[in-house]
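# Examining the three-dimensional arrangement
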Amino acid sequence: FGKQWYQRRVRGMYSYVTGELPTVVSSNFNVNMVKSAISGHSMGGHGALIAALKNPGKYKCCSVFAPISNPSECPWGQKAFAGYLGDNKAAWKQYDATFTAKEYEGPKLEILLDQGSEDPYLNDKQLLPENLANACSNNKQINLNFRMQQGYDHGYFFIMSFMEDHFNFMAKHIC
């Protein structure tokens, strides 16, 4: 597969999540799309962050579990970005949540980020949530609640242990 295939996959998923999916949901269910939230885990957590940060006002809040927070600076992200976007590292910044958070100028955005302290990907420097926390702390338009959950890893039990908190967080901001 070539670079163009990867670019279509990334842009296709982004446009699906931020455009096509909300249209399908609002066409088939009685929902208030003005009050939307987005959530994700790991790479999906990064996608949720990017969707919220690149679409100011579309989402009232963003809930993430162990997101890849700064892909331009971690081995996984660098490999993926090189495949998806080419070698121009400046172009990577528009799809990196940490850099996007630095530039965010939209309405106040609430973010809940839970991270397990025993996550092997955290310890391998693949997730870098501390970089996102630093970027958000320097932007008055973003309120990041970064919670390090002691003893938890990257898996199902971690997510299920805090899912209710995330549902309550989203409900607080969209109901």
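Below or above, wherever it landed, is the structure these notes cover. As the structure is a prediction and not an experimental result, all values here were calculated from the model. Residue numbers here run from 1 along each chain, matching the order of that chain's written sequence. Where totals are concerned, whole chains, interfaces and linings use all residues; where local detail is concerned, this predicted model gives features only for residues with pLDDT of at least 70, and gives and counts side-chain atom pairs only at 80 or more. Side-chain numbers come from the whole structure's heavy atoms, not from hydrogens or water.

### Section: the environment of H154
- The numbering of helices and of strands both runs from the N terminus, where a helix is a DSSP run of H or I of at least 4 residues and a strand a run of E of at least 2. Mapping H154 onto the fold places it in the loop between β4 (142–149) and α8 (156–174).
- On a C-alpha basis, the gap between H154 and G83 in space is 25 Å, while along the polypeptide they are 71 residues apart.
- Throughout, a residue-residue contact means that at least one pair of heavy atoms, one from each residue, lies within 4.5 Å. Leaving out residues up to four positions away in the same chain, H154 has contacts with H41, S42, A66, D119, Y121 and L127.
- Within 3.5 Å is the distance limit for a polar contact, defined as a pair of N or O atoms, with the added protein rule that one can donate a hydrogen and the other accept it, and that residues adjacent in sequence qualify only through two side-chain atoms. Of the polar contacts made by the side chain of H154, one reaches the side chain of S42; its length is 3.0 Å.
- Side chain to side chain, H154 and D119 meet in a polar contact 2.5 Å long.

### Considering the layout of surface pockets
- A cavity here means a set of 1 Å grid points, computed over protein atoms only, where a 1.4 Å probe fits but cannot escape. A pocket is an open set with protein on both sides within 12 Å along at least 5 of 7 lines, and lining residues have an atom within 4 Å of a point. Grid points are joined across faces, edges and corners, and a volume is the space filled by probe spheres set on the points. Computed from the structure, the largest pocket encloses a volume of approximately 900 Å³.
- Along the walls of the largest pocket sit 32 residues, with M13, Y14, V17, G47 and A48 positioned nearest its centre.
- Elements that contribute at least two residues to the lining of the largest pocket include exactly α1 (3–28), β1 (37–41), α2 (43–54) and α3 (75–85).
- The element best represented in the lining of the largest pocket is α1, accounting for 11 residues.

Shape descriptors only; they carry no functional weight alone.
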